[in-house]
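# Structural characterization, general
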Amino acid sequence: MAPAGRVLIALIALALAGCDGVELPGFKPAQPAAATAAGAAPGRSIPPKPPTRLSVAGVTVDAPEGYCVDTSARTGNFVLLAACSAISQSPEHPAPGRMGLLSATIGRRNSGDAPLRGDQLAAYFRSAEGRATLSYAGDASTVTITDTRAQNGVFYVALLDTAAPPQPELGPARWRALFTVNGRLVSVILHSLKEDPLSRTGGQSLVESFVARIRAANAG
């Protein structure tokens, strides 16, 4: 296997491992509301808004509009992002127009020194080995690649995975993007939700927005 393929496998494995055991924002059991009875105090405390930016291994991860960083779910160089209102459990905080679960995994130093080859990556992810890497079950037969594309130094892959997800709230559709920032390979993932799935164009647009924001935050 080419060195680029081995690097991608390591990053993807890390990203998937970061999802295992993570409590998804917005799907926690409802907590009893305080002071809701008649005659209760009119004011209530609003929790602080979660951060929209986080520096990870020298790379600034900047959330798309309506998304925030779930700092409690950070594992190593893995970062989880969800609707700000879902993380804080407060309707006073924003929610995105396109709802999904985002993550970013930052590679090791110098992992992004080699240029990304779109043709090589497309061939890899469409192979049985590559599809098995993308599968939640490690089974190539569960993954259907719906699109691969290289544009402006970013490689995109869209897929459907019929394997059981690490969290039941996640749907089968996922989008990934690979690009380099500050000499590090960055892998971002968008998970569509089972009950409110993203359209193909909506998912791709959200991933592109996330990539653009990370690149802009690290420009110069």
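Per chain, residues are indexed from 1 in the order of the written sequence. In keeping with the predicted nature of the model, local features appear solely for residues at pLDDT of at least 70, side-chain atom pairs appear and are counted solely at 80 or more, and the whole-chain, interface and lining totals rest on all residues. Calculated side-chain values reflect all of the structure's heavy atoms, with hydrogen atoms and water omitted.

## Let's talk about helix H3 (residues 118–126)
For every residue, the accessible area obtained with a 1.4 Å probe (protein chains only) is divided by the maximum for its type, and the residue is called buried under 20%, exposed over 50%, and partly exposed between those limits. Helix and strand definitions follow DSSP, with helices as H or I runs of at least four residues and strands as E runs of at least two, each counted in order from the N terminus. Within the span of H3, buried status applies to Leu 121, Ala 122, Tyr 124 and Phe 125. Each buried residue of H3 lies within a common arc of 165° when the element is viewed along its axis, so the set occupies one face. Think of the arc as the fan of directions from the helix axis to the C-beta atoms.

## Observations regarding the sheet that holds strand S5 (residues 101–106)
We treat two strands as partners when DSSP finds at least two bridges between them. What the seven strands build is an open sheet, ordered S3-S4-S5-S9-S8-S7-S6; its pairing is antiparallel. Every interior strand has two partners, whereas the edge strands, strand S3 (67–69) and strand S6 (143–151), have only one. Across the sheet, the mean angle from the axis of one strand to that of its neighbour is 20°, orientation sign disregarded. Bridge analysis of strand S7 (residues 154–161) against strand S8 (residues 170–181) gives six bridges, and the strand direction is antiparallel. Interaxial angles span 0 to 180 degrees and are taken between N-to-C directions of axes, which are lines fitted to C-alpha atoms, for helices over the stretch in contact.

## Some details on the pairing of S8
Within a regular strand, side chains alternate between the sheet's two faces. Most of S8 is tucked away: ten of the twelve residues are buried. Looking at chain direction, S8 and strand S9 (residues 184–193) are connected through nine bridges and run antiparallel. Of the residues in S9, the one forming a bridge with Arg 174 is His 191.

## Describing the packing of aromatic side chains
Pairing of aromatic side chains requires ring centres within 6.5 Å, counting the rings of Phe and Tyr and the six-membered ring of Trp. Pairs whose planes differ by under 30 degrees are stacked, by over 60 edge-to-face, and all others tilted. Counting across every chain of the model gives two aromatic pairs. Pairing Phe 125 with Phe 155 gives two aromatic rings, centres 5.9 Å apart and planes at 10°, and the pair type is stacked. Of the two residues, Phe 125 is situated in helix H3 and Phe 155 in strand S7; the sequence distance between them amounts to 30 residues. Of the two residues, Phe 125 and Phe 155, both sit in the buried class. Each residue in the set Tyr 124, Phe 125 and Phe 155 is aromatic and connected to the rest through ring pairs, giving one cluster. Directly above the ring of Tyr 136 sits Arg 174, whose terminal nitrogen or CZ lies 4.0 Å from the centroid. The criterion is that NZ of a Lys, or CZ of an Arg, lies within 6 Å of the ring centre and within 35 degrees of the ring normal, and then a charge sits over that ring.

## A short note on the side chain of Asp 70
Its location among the elements puts Asp 70 in the loop between S3 and strand S4 (78–83). Between N or O atoms, a polar contact is any pair within 3.5 Å; within protein, one atom must be a potential hydrogen donor and the other a potential acceptor, and residues adjacent in sequence are included only when both atoms are from side chains. A polar side-chain atom of Asp 70 sits 2.6 Å from a polar atom in the side chain of Ser 72.

## A look at unusual backbone geometry
With a phi close to 70°, Asn 110 is a non-glycine residue in the positive phi region. Backbone geometry at Asn 152 places phi at a positive 55°, although glycine is not the residue there. Residue placement: Asn 152 occurs in the loop between S6 and S7.

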